[in-house]
Amino acid sequence: MEQAHIGVRGFVRDARNGAALPDVRILVAGINHNITTGRFGDYYRLLLPGNYNVTAMAEGYTPMVVTNVQVVEGKASELNFTLAPLAADTPAAAAAAGAVTSKPPTATTTTTATPASPTENTAAHTGNDGGGAIPENSGSETSAESGSSTSGSAADPASPPAGGGAGAGSGSGTVATEPVEPEDFRHHHYQDMMLFLLKYSAKCPAITHLYSVGKSVEGRELYVMEISDNPGMHEPGEPEFKYIGNMHGNEVVGRELLLNLIEYLCRNYGVDPEVTLLVNSTRIHIMPSMNPDGYEKGREGDVRGYAGRNNSNNYDLNRNFPDQYTTITEPRQPETIAVMNWLRSYPFVLSANLHGGSLVVNYPYDDDPAGRTQYSKSPDDEVFKMVARAYSEENVLMHNGHPCEKLYPSEFFKDGITNGAKWYNVPGGMQDWNYVNTNCFEVTIELGCVKYPHASDLRSYWEQNRRALLRYMHQVHKGVKGMVIDLTDGTGIPNATISVDGINHHVRTYKDGDYWRLLAPGVYNITATAQGYSPMRITVSVQEKEAMEVNFRLPRLGGAGGLSGGEGSDPVTRGAAELADQEFQGFIRRLSIGSGLDQLILDTSATATQGSLSYHNYQGLSEFMRGLNLNFPKIVSLRNLGQSWEYRTIWALEISNNPDVPEPSKPKIRFMAGIHGNAPVGTELLLEFATYLCMNYGKNPAITRLINETRIIIVPSINPDGRQQAREQQCNSTLGKTNARGKDLDTDFFGNASQRVVEAQPETRAVMDLILEKGYTLSVALDGGSVLATYPYDKPVQSVENEETLKYLAKVYADNHPTMPGDTGCPGESTTMNGGFLRAAEKHSHMGSMKDFSMDFGHCPEITVYTSCCLFPPADRLAALWAENRKPLLRMLVEVHKGVRGVVRDKSGKPIVGAMIVLNGGVRVFTSEGGYFHALLAPGSHNIEAVAEGYQQQRQEVIVSAYQAAMSIVIEFDMDNRIFGLPREFVVATAAASMTALIVTACIIWCVCSAKSNRQKDGFHRLRQQHDYDDEIHLTSMGSKKSLLSHEFQDDSESEEDTLYANKM
Ligand SMILES: [Zn+2]
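Residues numbered from 1 in each chain as written. Predicted model: local features only at pLDDT ≥ 70, side-chain atom pairs only at ≥ 80, totals over all residues. Heavy atoms only, no water.

The subject of this paragraph is the overall build of the protein chain. A count of helices and strands for the protein chain gives 26 helices and 39 strands. In the protein chain, which comprises 1065 residues, the share counted as buried stands at 60%. Contacts in the protein chain between residues at least 24 apart in sequence constitute 75% of all its contacts with a sequence separation of at least 6. In the structure as shown, the protein chain presents an accessible area of about 40200 Å², 52% of it carried by carbon and sulfur atoms. (Helix = DSSP H or I, 4+ residues; strand = E, 2+ residues; numbered from the N terminus. Buried < 20%, exposed > 50% of the residue type's maximum accessible area, 1.4 Å probe, protein only. Contact = heavy atoms within 4.5 Å. Areas by Shrake-Rupley, 256 points an atom, 1.4 Å probe, with all protein chains shown as cover.)

Set out below in structure tokens:
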């Protein structure tokens, strides 16, 4: 039955009046079976999945062919035809007839030796309406490729403003002709736009690739036309550029300009040297409409209205991105998510986002910490001003600086550009998100005072903006570009950091080690750093012209960051590293045996905060977290993981000596609490624990050292909505146990789509994203209702691969807790306590727990600690509970340094990222950046194996001590001993499994809840948004960053979940 939904369906209409055309023959090339349209012009052509050329033919009309129609499994592709009458008497009809219209030439190609200067061009075209147009000749549409006639003189290099070497390079030998101008000037509704894009991807298959990044709320595709000499692939060293139009649905000029641009690039490739060079040297992505739903609600002639501005859920997409200064509480929209994913999947360097309602280029930042309307400088202010001017200087009216004199007579923008926040402060915008979260620099371009002008004006918009659009694209070639390369073997280093002295904004290398750093002319010191390598600094003088190529060849770090036994390290360094290692062993040993920890607690009692413990409601908790962040900024960073149903933030605190720097060589531990809102003791214990650590940093050497050597993540309240409902002194009440929708979050963690029937709760999603960040060595979750430590799994399983290790971890907590080792249990509890620890399923077996998810998808063991029999004991009990749990909590900080750790690299010392470490033939962890791994193991002898693509499996036996810190081991793969087939598949399969986990989480997209914003969205005169959220805080918003990382893998994965993910966009 499903087959019935495969094929093509749609309507055929008359181009003049839109009337339905019945009895139109629908032909599919290569299939000798035709159908005809029904009474309403409707048709349905069943087809197997594949690509087809479909033609609609009717008596008295020009036939229309649409090539490359994609039929996929599951849902019929929609394809509508608009047929022009044979005597095409109106231009609109002719244009609507599409690709197969064959018209006699109406003008001849003029050949000029020197391209006109931009202003001349504009003038020439304005006065030359229609006359200078070059006919579209479908019969020999390769006029683009056939430009082989010669005209001697090369183009004057100075003429196209940024054309730099436009007559040179690939342009040599081609004619310096007047570029072919687009002809299609009208408004394109969704279907029309789709056909336009299909038409040009069929017309210029060699340089185009049409794809979609997701769907709008109403299911419209968010199409992107890629234009490049090698479409569909990233070429190392070639920068990627994007234009996004129509983000506000009623601001339509950008949409049409981008369609014009597609036509222009397609038709001038191989004809016009500037276009040819640009397409050959740049990978250009053009999204004509980011808000296709809103567009359909807009009205022609709208000057400054709002109808259609927002998306279908009535959210303003340009207020919907995570903000660096403000918490955006509105649910993230499918269009926003799709674009965020898109930005994570390509190494974009430069972008512009096209709007309407004014005439100016607006550059970051769009807001400032205080929400004031004043200049908010980004570290790259000079670059932004440079690229913004590149646009405005080519648009005479814009450059004038008086955008809409009739509407806003007092407004003036010098040079036609403005800093966003200086114009008006707006949080949640797309351009800032680009800059803050990716390598991409984006500006917002306001194209004119009328948001939805009449179709007859579209040609003049093109003429006014053609040079500007091109010149802005050339800006992607400014500054510095090059490679970061491993000195030893010459391979590129991905994810290396490129930093510029004096500019606090880094970019990172892409997969092949290639990078682009936009810079204004000047002299700069540029440094490349990468995990496992010595950094390198080069002084560069950046010129006005083409980007300068600067390559960094980084030497490998011999000792690999303090690890012992590094190959190639000189004896002195090596000796020092070994000494440091031994010293650290001693430190961990002292804290592990005898009274080491007790002594530490005694030493810190003076600075302890005991007695000040109290319960914090959500407001209080948020203030507390901010307070820690503000008072200890060097070691504390605060993150917003996401929002609960009732828009409470789920906070995470990182305590580390470099809180925002990923330091893969250090173990990472997670403390979680408050998954059940009615058991808030854990929340308070973690706040106290965080305070204790911060207060003693720099005072107590042991605490200082633990913080320096560990990355500590604390999430005190997973379920803030439930917590808000719970009442003090309710020892057994279930009020607040669940979230606001009545869901027990500890039954909501499913990593597998087949197990999940409904979307994850927002709280669960936030926490799953955190867990899937990977790199965690241990997690400790605090809960209430018993005095006990449990270890995985919660689900009923026959056997657990590393049960000894898990049991050991729970036992360590219990042993360090004064009352846990007892066998008494809480009143009414029947289970035998067995020393204070249990396998979780023996306490209460259930599916979908956080602990199990952490094990299976986060590759991190998690133990759950029940801190008191009473779920919500009176506040005066808190001090005693802290006293009981302080030592075991600290002990877990010590414990996380044990087990086995090391680095995986090849014989030449190159770190191998993503190698799989198999412990005792079962449990797996993966190496992170720098080739590092860390896994906890029960004391004793263990087998570890390392598997990496293209290398022979390595096996090693390690002895783990209960007292010693993990000895770092180096696993070295022999380059010359490659074996084929098996290990590669093995690795790919397991990698795919972990990707699946990531993707599934990402697929559980933020629910678009129906709560419509009742705040009236402002127009282009963005009124300062009310800062009425109590969460307003200046922190780096990283809320959605994590889940999106999974998308990076999407290209490589073909799992079912992947498809699901794509569909859900
Ligand atoms: Zn806009």
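Residue Pro364 is joined to Tyr365 through a cis peptide bond whose omega torsion reads -5°. Inspection of the secondary structure assignment puts Tyr365 in the loop between β14 (358-363) and α8 (381-392). Backbone geometry at Asn314 places phi at a positive 65°, although glycine is not the residue there. Positive phi values are uncommon outside glycine, yet His859 reaches one of about 50°. If you trace the backbone, His859 turns up in the loop between α22 (850-856) and β32 (862-866). The exposure class assigned to His859 is buried, which follows from its relative accessible area of 18%.

What follows concerns the nonpolar core. Residues Phe81, Leu83, Tyr243, Leu265 and Tyr391 are the most contacted members of the largest nonpolar core, which totals 107 residues. With nine residues, the single largest contributor to this core is helix α4 (residues 253-268). If we ignore the near neighbours within four places in the chain, the residues touching Leu265 are Ile207, Ile227, Val275, Val279, Ile284, Ile286, Leu470 and Met473. Core analysis: the second largest hydrophobic core is formed by 73 residues, Leu686, Ala789, Phe872 and Val896 among them. (Core = buried A, V, L, I, M, F, W, Y, C linked by side-chain atoms within 4.5 Å.)

Note that His942 resides in strand β37 (residues 940-947). The spacing of His942 and Gly899 is 43 residues in sequence and 9.8 Å in space, taken between C-alpha atoms. Engagement of the side chain of His942 in a polar contact is seen with the backbone oxygen of Ala938, the distance being 2.6 Å. (Polar contact = N/O pair within 3.5 Å; in protein donor to acceptor, adjacent residues only side chain to side chain.)

The relative placement of two packed helices comes down to the angle between their axes together with the axis-to-axis distance. Helix α16 (residues 681-696) packs onto helix α15 (residues 618-631) with a crossing angle of 15° between their chain directions and a minimal axis gap of 11 Å. It follows that α15 is roughly parallel to α16 by the angle criterion. Taken as a pair, α15 and α16 cross one another with a handedness that is left-handed. Contacts from Leu621, Phe624, Met625 and Leu628 of α15 reach α16 at Thr683, Leu687, Ala690, Thr691 and Cys694. Grouping the amino acids of the contact of α15 with α16 by side-chain chemistry returns seven nonpolar, two polar and no charged. (Axes fitted to C-alpha atoms, helices over the stretch in contact; angles between N-to-C directions. Parallel < 35°, antiparallel > 145°, perpendicular 65-115°, else oblique. Left-handed = near helix turned anticlockwise from the far one by under 90°. Nonpolar A, V, L, I, M, F, W, Y, C, P; charged D, E, K, R; others polar.)

This brings us to the environment of Gln585. Tracing the backbone shows Gln585 in helix α13 (residues 571-592). A relative accessible area of 8% places Gln585 in the buried class. Separated by 382 residues in the primary sequence, Gln585 and Met967 have C-alpha atoms spaced 8.1 Å apart. Look past the residues within four positions of Gln585 in its chain and what remains in contact with it is Gln964, Ala965, Ala966 and Met967.

Further remarks concern the packing of aromatic side chains. In this description, an aromatic ring pair is defined by two values, namely the gap between the centres and the angle between the planes. All chains considered together, the criterion is met by 29 aromatic pairs. Ring geometry for Tyr325 and Tyr365: centres 6.3 Å apart, planes at 90°, overall edge-to-face. Pair noted here: Tyr325 is in the loop between α6 (292-297) and α7 (334-345) and Tyr365 is in the loop between β14 and α8, with a separation of 40 residues, a long-range link. Take Tyr325 and Tyr365: they sit in the same class, and that class is buried. Judged by centre distance (6.1 Å) and plane angle (55°), the ring pair of Tyr515 and Phe552 falls under tilted. (Phe/Tyr/Trp six-rings, centres within 6.5 Å; stacked < 30°, edge-to-face > 60°.)

Bound to the zinc ion on the protein side are His248 (ND1), Glu251 (OE), Glu251 (OE) and His355 (ND1), at distances that span 1.9 to 2.7 Å. Viewed at the metal, the four donor atoms of the zinc ion are separated by angles of 54 to 153°, and the geometry they form is irregular. When the donors of the zinc ion are listed by position in the chain, the intervening gaps give H-x2-E-x103-H. With Glu251 in the loop between β11 (240-245) and α4 and His355 in strand β13 (residues 348-355), this pair connects stretches of sequence that are 104 residues apart. Neither residue differs from the other here; Glu251 and His355 are each classed as buried. (Donors = N, O, S within 2.8 Å, 3.2 Å for Na, K, Ca; no water. Tetrahedral: all angles 85-135°; square planar, octahedral: opposite > 155°, others 65-115°.)

Before going further, it helps to examine the sheet that holds strand β36 (residues 932-935). With mixed pairing, the three strands of this open sheet are ordered in space as β36-β33-β39. The open sheet is flanked by β36 and β39 (968-973), the only strands paired with a single partner. Taking each pair of neighbouring strands and ignoring which way they run, the sheet shows an average axis angle of 25°. Pairing analysis gives six bridges linking strand β33 (residues 900-906) to β39, with the strands arranged parallel. Looking across to β39, one finds that Val904 is bridged to Ile971. (Pairing = 2+ DSSP bridges.)

So, about the sheet that holds strand β6 (residues 64-71). What the four strands build is an open sheet, ordered β3-β2-β5-β6; its pairing is antiparallel. The sheet is open, and its two borders are formed by β3 (31-36) and β6, each paired with just one other strand. Averaged over neighbouring strand pairs, the angle between their axes works out to 25° when direction is ignored. The sheet contact formed by strand β5 (residues 50-57) and β6 spans six bridges and is antiparallel. In the strand pairing of β6, Gly50 is matched with Val71.

This next bit is on the confidence of the model for the protein chain. Of the residues in the protein chain, 78% have a pLDDT of 70 or more, and the chain-wide mean is 80. Scored below 50 in pLDDT, residues 88-176 shows 117 contacts in the model against residues more than four places distant or in partner chains. Scored below 50 in pLDDT, residues 1003-1065 makes 175 contacts in the model with residues more than four places away or belonging to other chains. (pLDDT = per-residue confidence, 0-100.)

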